[in-house]
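Here are the chains, one letter per residue:
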Amino acid sequence: MDGDSSTTDASQLGIAGEYMQSSHFVLQSQDEDGEEGMNDHEDGNGSKDNLREQDIYLPIANVARIMKNAVPPSGKIAKDAKECVQECVSEFISFITSEASERCHQEKRKTINGEDILFAMSTLGFDMYVEPLKLYLQKFREAMKGEKGITAVPVSESIGEELADDSFANQLPAGLITTDGQTQNVMVYTTSYQQIPGVQQIQFS
Amino acid sequence: MSANNAGGKVNVSHSLTNKNVSLPMSRVKLIMKSSPDVSSINQDALFLTTKATELFVQYLAQCSFKNGSGKEKNTLAYSDLANAAEQSETFQFLTDILPKKILAKDYLRSLEERTEDSD
């Protein structure tokens, strides 16, 4: 693009192409996925500064798939509807995040944790999601633990530190976090997946 | 994939086999971080946001589809989304980015009419 090495590849960020919007009407160009380029900007300095928050979207294929599963099997979805939901989604994420961030700051904390997010959802009219989300989170954590077959001490509600992206992809630190917050590198081996009573086991197909 | 029904309940059991989310968490994180004053986000928060976003897409698609008043009943069109945003309190925050579309020719025509009136 501009030869600016500090920016990540725009096409991977899902940046939309030309898009005109006024208070009365919207004109939209026929954007195909993969042809997206950076929004116009003159200077190549900095990375995040040139990208407005509303320009970053989730991949349209993923969004479209979820939509497709939500409507009856025979239903169709117009292309501009998919693109539109893509934008709504970014708006939604920002909406939740800023509310959660506010609460976080109010409590003088720097890291947004799960509770902040759930609180934000509740405040913003999505409280029907809170209980299901807690369940999902529980399953997610157990799945992350179970994958490695390592018995780990359940970590506390908020880890409080940001993990790198690739730490989500199944590399579990083989350590224990003790009650006083110190991390010890202790290898824990087990020969079988521990049956935790009262918790529904997940079947991996 | 679990779906919201009219009562607003979410069926969790259907998705228990899917420990992952179907949206890329790294991208979600990027969007979150573009909000002002956000310094760091913990793993739980990122997962919850990603999952909530999935639920949101489902909910928005379902609501809009049900209210479909477009020419083709079986198709979810942009106008269905715009209508859903207007009618539902939950989707109020979307009204700014979901303006009702009009055809360019209709707009131009209304422009002409306005200039004619002022003659």
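Placed above this text is the structure.
Reading the values: the criteria
- Residues numbered from 1 in each chain as written.
- Chains lettered and ligands numbered in written order.
- Predicted model: local features only at pLDDT ≥ 70, side-chain atom pairs only at ≥ 80, totals over all residues.
- Heavy atoms only, no water.
- Helix = DSSP H or I, 4+ residues; strand = E, 2+ residues; numbered from the N terminus.
- Buried < 20%, exposed > 50% of the residue type's maximum accessible area, 1.4 Å probe, protein only.
- Contact = heavy atoms within 4.5 Å.
- Areas by Shrake-Rupley, 256 points an atom, 1.4 Å probe, with all protein chains shown as cover.
- Patch = residues over 30% accessible without salt bridge, like charges linked within 9 Å, V, L, I, M, F, W, Y side chains within 5 Å.
- Salt bridge = Lys/Arg side-chain N within 4 Å of Asp/Glu carboxyl O.
- Lys, Arg positive; Asp, Glu negative; His and termini not counted.
- Charge placed at Lys NZ, Arg CZ, Asp CG, Glu CD.
- Axes fitted to C-alpha atoms, helices over the stretch in contact; angles between N-to-C directions.
- Parallel < 35°, antiparallel > 145°, perpendicular 65-115°, else oblique.
- Left-handed = near helix turned anticlockwise from the far one by under 90°.
- Nonpolar A, V, L, I, M, F, W, Y, C, P; charged D, E, K, R; others polar.
- Core = buried A, V, L, I, M, F, W, Y, C linked by side-chain atoms within 4.5 Å.
- Expected span 1.5 Å × (residues − 1).

Draft legend 1. Layout of the overall build of chain B. Within chain B, the regular secondary structure consists of four helices and two strands. Secondary structure elements in chain B, listed N-terminal to C-terminal, are α-β-α-β-α-α. Each of the 119 residues in chain B was classed as buried or not, and the buried ones make up 54%. The long-range share in chain B, meaning contacts at least 24 apart out of those at least 6 apart in sequence, stands at 34%. Of the accessible surface of chain B, which amounts to about 5800 Å², a share of 48% is contributed by carbon and sulfur atoms.

Draft legend 2. A look at the overall build of chain A. Regarding its fold elements, chain A presents four helices and six strands. In chain A, the order of α-helices and β-strands from amino to carboxyl end is β-β-α-β-α-β-α-α-β-β. Looking at chain A as a whole, 37% of its 205 residues are labelled buried. Element-wise, carbon and sulfur atoms account for 50% of the exposed surface of chain A, whose accessible area totals about 12100 Å².

Draft legend 3. Structural detail: a negative patch on the surface. Residues and elements named next belong to chain B. A cluster of acidic residues, E112, E113, E116 and D117, forms a negative patch at the surface. Within the fold, E116 resides in helix α4 (residues 104-117). Since its relative accessible area comes to 53%, E116 is described here as exposed.

Draft legend 4. Main features of the packing of helix α1 (residues 60-70) of chain A against helix α2 (residues 43-66) of chain B. The contact between α1 of chain A and α2 of chain B brings their axes to 8 Å, and the two run at 50°. Comparing the axis directions of α1 of chain A and α2 of chain B gives the class oblique. Relative to α2 of chain B, α1 of chain A is oriented so that their crossing is right-handed. Along its contact with α1 of chain A, which presents V63, I66, M67 and A70 of chain A, the element α2 of chain B presents E54, V57, Q58, A61 and Q62 of chain B. Residues of the contact of α1 of chain A with α2 of chain B, tallied by class, amount to six nonpolar, two polar and one charged.

Draft legend 5. Geometry of the nonpolar core. Counting residues in each nonpolar core, the largest one holds 65 residues, and the members touching the most others are M121 of chain A together with F56 and L94 of chain B. The set of elements that each furnish at least two residues to this core consists of α1, α2 (79-106), α3 (114-123) and α4 (130-147) of chain A together with α1 (25-33), α2 and α3 (78-87) of chain B. Looking at this core, the element that brings in the most residues is α2 of chain B, giving 13 residues. Not counting residues within four places of it along the chain, the set of residues in contact with L94 of chain B comprises C88 and E91 of chain A together with F56, L60 and A85 of chain B.

Draft legend 6. Just the pattern of salt bridges, in detail. All names here are of chain A. Under the defined criterion, the tally for this structure stands at nine salt bridges over all chains. Between R103 and E107 there is a salt bridge, with its nearest N and O atoms 3.4 Å apart. Here D116 and R103 are joined by a salt bridge, their closest N and O atoms 3.3 Å apart. In this pair, D116 is assigned in helix α3 and R103 in helix α2, connecting sequence segments 13 residues apart. Both residues of the pair, D116 and R103, belong to the buried class. Here the salt bridges share partners, and the residues they tie into one network are R103, E107, R109 and D116.

Draft legend 7. Local environment of the packing of α2 of chain A against α1 of chain B. One way to put it is that α2 of chain A packs onto α1 of chain B with a least axis distance of 9 Å and a crossing angle of 60°. Comparing the axis directions of α2 of chain A and α1 of chain B gives the class oblique. Once α2 of chain A is placed against α1 of chain B, the crossing between them reads as right-handed. Residues S90, I93, S94 and T97 of chain A of α2 of chain A form the contact with α1 of chain B, whose own contacting residues are V28, I31 and M32 of chain B. Residue composition of the contact of α2 of chain A with α1 of chain B, grouped by class: four nonpolar, three polar and no charged.

Draft legend 8. Up close: unusual backbone geometry. Look at K108 of chain A: it is not a glycine, yet its phi comes out positive at around 60°. Positioned with a positive phi, D37 of chain B is a non-glycine residue whose angle comes to about 70°. In this structure, D37 of chain B sits in the loop between α1 and β1 (40-41). Among the residues examined, D37 of chain B registers a relative accessible area of 61% and is labelled exposed.

Draft legend 9. Representation of α2 of chain A within the structure. In this model, α2 of chain A (28 residues) spans 41 Å end to end at C-alpha, consistent with the 40 Å of a helix rising 1.5 Å per residue. At the C-terminal side of α2 of chain A, K108 of chain A shows a positive phi close to 60°.

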